[in-house]
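Geometric and topological summary
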Amino acid sequence: MKRSLRSGPIVRRILASVVAGLFAANAADSSPVPAAPFTSAEWIAPPADRAADAPLPLFRREFTVDQKPRRATLRVIGLGDHDPRLNGRRLAATGLNQPWSQYEKTLYYRDFDVTPLIRVGTNTVGVALAHSFWHNLPAPKGRYFKDGPQRVAPEPLLLCAELILEARDGAVRRIGTDASWRVAEGPVTFSHIFAGEDYDARRELPGWDRPGFDDRAWQPARQVAAPAAQLRPQTWPPIAPFEPFRPAAVRECAPGVWLYSFPQNCAAQVRLRLIGGKPGDRVVFRGGEHKSSDDRLFGAYVVDWTVVTHGRPLNHQWQSFYLGMQFVEVSGAVPRGEPNPKGLPVIESLDLVPVRTGVATTGTFSSSSPVLNGTHRIVDWAMQANAHHVLTDCPHREKLGWLEVAYLMAPSFQYRYDCATWFDKILRDICDAQEPDGRVLTVAPSYPAGRFPGAFNYTVEWGAAAVLLPWHQYEWTGDPQGLRENFDLMRRFTDHVTSEAKDGLATGGLGDWYDYGHGEPPGPSRFTPTQLSATATWALCARTVARAAEVLGLPGEARRYEALHARIAADFQRHFRDPATGRLKHLGSPQCANAMALAAGVVPAADRDRLVAEIIADLEQRGWQQTPGDVGHVYFIRALAQAGRSDVLHRVYSREGLGSYGGILRKGLTSMPETWDAMMDGYQSLNHCMLGHVMEWLYGYVAGIRQAPGSVGWERALIAPVPGPLREASAAVQTPRGTITSRWRVQDGKFRLTAEVPAGVGATAVLPSGAVRLLRAGRQSLSEPWPGQ
């Protein structure tokens, strides 16, 4: 066990927590943070007379060193976003380096190892800034931005940076931002987190980030007061670029307008190369994911941007903007090889470069089913597209951290990626955004400057991330530190729901958002009373706080919240359960109501089989159409799978008609959309991971890799595949204790399983017949007769 834990995510996470000083209990505490991360740096800004619509600033500072340092680190906070350089070298692969956070409470700094770049003599550090969510004004007329109150920062652009030079004799020299830094306007003429980023190549300043550049025309930076927030190190992987996509097709969709169609809908930066043309030529781009039958982009959130050329070959990629898209329209330039009678700039290349937080891939899945493989692919691409500094709902229309996704999709993410430190950051956002009365709103960090209307502002099923995400972290990693840090967050939210409950029911809100099959437009729950789902979620929270208290050695708190759970269960049954039949109240389909009641443990044990049977009966009479939406779907999966009815889930997820994963694939989509029927109306997103909970089932039941009941940190594992109609499936999952693999095949009248488990994991194989085999560390092969072959 010690050997397997030495390099595992648990140890890495604990070390990261120690380094970061992350011992917080809640947003209101005074948790330790690293002492004085900046000791020689002041906060600086552009000149006070800078116009609001001026091009974005560049900051620079030259310095000299007498000898090569043993270590050199550049530490940066750049608000709203920053793109640092040293001696002409870009230090990050993108300009998406400043985490969005609850800025009033926490600001993150990032360290860059610049040891190889420091030279004896003169050196130059440079930083380009952008706005991001820090200063998020309404976009100019005609450009997309999300409606609602925007955040107006007292200082729209801020920089705090410090170069730390450690000499071989141990001496430390620090060079920080102050009024001696120089600032000028650069070539990025507009940048907005929703509305795009414009670039004027004529404004480029070659060599501005290298020694010897003449900056006499530049202005001195303005020294300003520091923000009041705590400063913390970034401990999760930064935003990184991945393998670019080249266009699958390019065609002229209107006179002078070219549509570049890409093989994948993804959150990306546009990278292009232009040649020819003349200085001042304007090339206009539009990016989006909805296109009409005549290949024109349409919809509510098409984003446009402009590149102005300087008449020379131009290689350009967005600095601090990204967009979820699959198509790019271009006017004012022509693709290479096309007629060009006007002498316009020529597009040598135009690629999409996917960007996301660089969490490591830790899980793989494949099967003999093209539908399940395709489902895994489109859900995974939606997960990637929404994995940024927060877990967003969509990478274009909103880019916000809607919280129900964070916990309902947590196991799906954990099977596929190493999310521990990233989830820690999301939990810090939730802590920071929690209100004094314990309420947690639907979004964290808080939407920049205000509140959404009604239930969009607060719904129990969204705020429950404050309780259920820390528990998912603990279950997966086995590390109780996250429970210690977040127990007060968990308790205070649950107490808030309790304080607002009336007649034993939690306040209803959005409910099972985007449920399906009722024939009405998508929106708040139609089939399930919103108070039912809210009360079931409240019960889940109470039970989870009780379990966390047990783990943390707080028996009094454990008893208090167990008693609360019992009271909630009694009131749930009083309001929603028919005592004569045991049936639960619903509004046309019992699938969500029954599943959530089962998950929350608010119905008598004797009702469980009946409630599962009612779900199955409703599915059958609907042609195996699932009805739960954003909130209920994962509980629907768990209710059936844990009842041993994955055979039913095989029928549901093998469908290819409307309202199914297979139907989405048949429409040609390459990422998971927002609606079950993949509405392509120009408003519904085609890149949402909120209905992607099937990943949890693919890994845990089709491949069969899951924790044994009651296990945490993968101390005990099951390999218990449910083949259904499939011929084969395989998966590998890198758990905190090592990699577990499952490969099975039905062949020659036998079911054959090859499993591999690491040392220190108590593992059991459960074959389709129900036969149980204990597994030892290493690789083993098992088989049994397969009926019907």
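The structure under discussion appears in the preceding block.
Each chain has its residues counted from 1, following the order in which its sequence is written. Local features in a predicted model are, by the rule used here, given only for residues with pLDDT of at least 70; side-chain atom pairs are given and counted only at 80 or more, and totals for whole chains, interfaces and linings are based on all residues. In computing side-chain properties, one takes all heavy atoms of the structure into account and sets aside hydrogens as well as water.

1. With respect to the sheet that holds strand S32 (residues 772-775)
- Taken in spatial order, the four strands make up an open sheet running S26-S27-S31-S32, and their pairing is mixed. Here the strands that pair on one side only, and so sit at the sheet edges, are strand S26 (705-707) and S32. Going from strand to strand, the sheet's axes swing by 25 degrees on average, the running direction of each strand aside.
- By this definition, two strands are paired if DSSP reports at least two bridges between them. Helix and strand definitions follow DSSP, with helices as H or I runs of at least four residues and strands as E runs of at least two, each counted in order from the N terminus. As defined by bridge partners, S26 adjoins strand S27 (residues 716-719) across three bridges and the pair is classed as antiparallel. Among the inter-strand pairings, glutamine 707 is bridged to a residue of S27, identified as alanine 717. Axis angles are defined between N-to-C directions and span 0 to 180 degrees, where every axis is a line fitted to C-alpha atoms and, for a helix, only to the segment in contact.

2. Some details on the environment of serine 742
- Within the element layout of this structure, serine 742 appears in strand S29 (residues 738-747).
- For serine 742, a relative accessible area of 0% corresponds to the buried category.
- Between the alpha carbons of serine 742 and lysine 342 there is a distance of 60 Å; along the sequence they are 400 residues apart.
- Counted as a polar contact is a pair of N or O atoms within 3.5 Å, where, for protein atoms, one must be capable of donating a hydrogen and the other of accepting one, and residues adjacent in sequence contribute only when both atoms are in side chains. A polar side-chain atom of serine 742 sits 2.7 Å from the main-chain carbonyl oxygen of alanine 703. The cut-offs for exposure are 20% and 50% of the maximum accessible area for each residue type, with area from a 1.4 Å probe on protein chains only; residues under the lower value are buried, those over the upper are exposed, and the others partly exposed.

3. So, the packing of aromatic side chains
- We call Phe, Tyr and Trp rings a pair once their centres come within 6.5 Å, taking the six-membered ring for Trp, and we label the pair stacked below 30 degrees between planes, edge-to-face above 60, and tilted otherwise. Counted under the stated rule, the structure contains 28 aromatic pairs.
- On the basis of an interplanar angle of 25 degrees and a centroid distance of 6.4 Å, the ring pair of tryptophan 208 and tryptophan 218 is categorised as stacked. Here tryptophan 208 is found in the loop between strand S12 (196-200) and strand S13 (219-220), whereas its partner tryptophan 218 is found in the loop between S12 and S13, with 10 residues between them in sequence.
- A relative accessible area of 9% places tryptophan 208 in the buried class.

4. Quick notes on the packing of helix H6 (residues 420-433) against helix H8 (residues 465-477)
- Relative orientation of the contacting elements H6 and H8 amounts to 160 degrees, with a least axis distance of 10 Å. The angle between the axes of H6 and H8 places the two elements in the roughly antiparallel class. Once H6 is placed against H8, the crossing between them reads as left-handed. On the side of H6, the interface is formed by Ala420, Phe423, Asp424, Ile426, Leu427 and Ile430, while H8 contributes Ala465, Ala466, Leu469, Pro470, Gln473 and Thr477.
- Taken together, the residues that form the contact of H6 with H8 break down as nine nonpolar, two polar and one charged. Note on angle classes: values under 35 degrees are labelled roughly parallel, values over 145 roughly antiparallel, values of 65 to 115 roughly perpendicular, and the remainder oblique. Each helix crossing is assigned a hand: it is left-handed if the near helix lies turned anticlockwise from the far helix by less than a right angle, otherwise right-handed if that turn is clockwise. A contact between two residues is defined here by any heavy atoms of the two lying within 4.5 Å. Polarity classes work like this: nonpolar for Ala, Val, Leu, Ile, Met, Phe, Trp, Tyr, Cys and Pro, charged for Asp, Glu, Lys and Arg, and polar for all others, with Gly in that last group.

5. A few points about the sheet that holds strand S25 (residues 363-367)
- If you trace the five strands from one edge of the open sheet to the other, you get S25-S28-S29-S30-S33, paired in antiparallel fashion. Two strands bound the open sheet, and with one partner strand each, they are S25 and strand S33 (778-785). On average, each strand axis in the sheet is tilted by 10 degrees relative to the strand beside it, whichever way the strands run.
- In terms of strand pairing, S25 meets strand S28 (residues 728-735) through five bridges, oriented antiparallel. Paired with phenylalanine 365 across the strands is alanine 731, a residue of S28.
- Relative to S25, helix H17 (residues 694-702) is tilted by about 75 degrees, and along the sheet it contacts S25, S28 and S29.

6. Digging into the layout of surface pockets
- In this structure, the largest pocket encloses a volume near 1,300 Å³.
- Cavity and pocket criteria rest on a 1 Å grid covering protein atoms alone: a 1.4 Å probe that fits but cannot get out defines a cavity, protein on both sides within 12 Å along at least 5 of 7 lines defines an open pocket, and an atom within 4 Å of a point defines a lining residue. Around the largest pocket sit 40 residues that line it, and His472, Glu475, Arg638, Gln642 and Glu696 are the ones nearest its centre.
- Contributing elements (two or more residues each) for the lining of the largest pocket: helix H5 (410-416), H8, helix H10 (530-551), helix H12 (591-600), helix H14 (633-642), helix H15 (646-653), H17 and S26.
- At six residues, H14 tops the list of elements feeding residues into the lining of the largest pocket.
- Grouping the amino acids of the lining of the largest pocket by side-chain chemistry returns 21 nonpolar, 10 polar and nine charged.
- Grid points are joined across faces, edges and corners, and a volume is the space filled by probe spheres set on the points. Quantified by volume, the second largest pocket comes out at close to 550 Å³.
- Within the residue set of the lining of the second largest pocket, elements represented by two or more residues are strand S2 (57-65), strand S4 (81-86), strand S7 (121-130), strand S18 (257-275) and strand S21 (314-317).
- The element best represented in the lining of the second largest pocket is S21, accounting for three residues.

7. Regarding the packing of H8 against helix H9 (residues 481-500)
- Direction vectors running N to C along H8 and H9 enclose 150 degrees, while the axes themselves pass 8 Å from each other. Accordingly, the angle class assigned to the pair H8 and H9 is roughly antiparallel. Where H8 crosses over H9, the handedness of that crossing is left-handed. Between H8 and H9, the residues in contact are Ala466, Val467, Pro470, Trp471 and Tyr474 and Leu483, Asn486, Leu489, Met490, Phe493 and Thr494, respectively.
- Residues that form the contact of H8 with H9 fall into these classes: nine nonpolar, two polar and no charged.

8. Quick look at the pattern of salt bridges
- For salt bridges, the criterion is a side-chain nitrogen of Lys or Arg within 4 Å of an Asp or Glu carboxyl oxygen. All told, the structure shown has 42 salt bridges when counted by the stated rule.
- Its salt-bridge partner being arginine 71, residue glutamate 166 comes within 2.8 Å of it at the nearest N-O pair. Of this pair, glutamate 166 sits in strand S8 (residues 158-166) while arginine 71 is found in strand S3 (residues 71-79), placing the two residues 95 residues apart along the sequence.
- Note on glutamate 166: relative accessible area 17%, which makes it buried.

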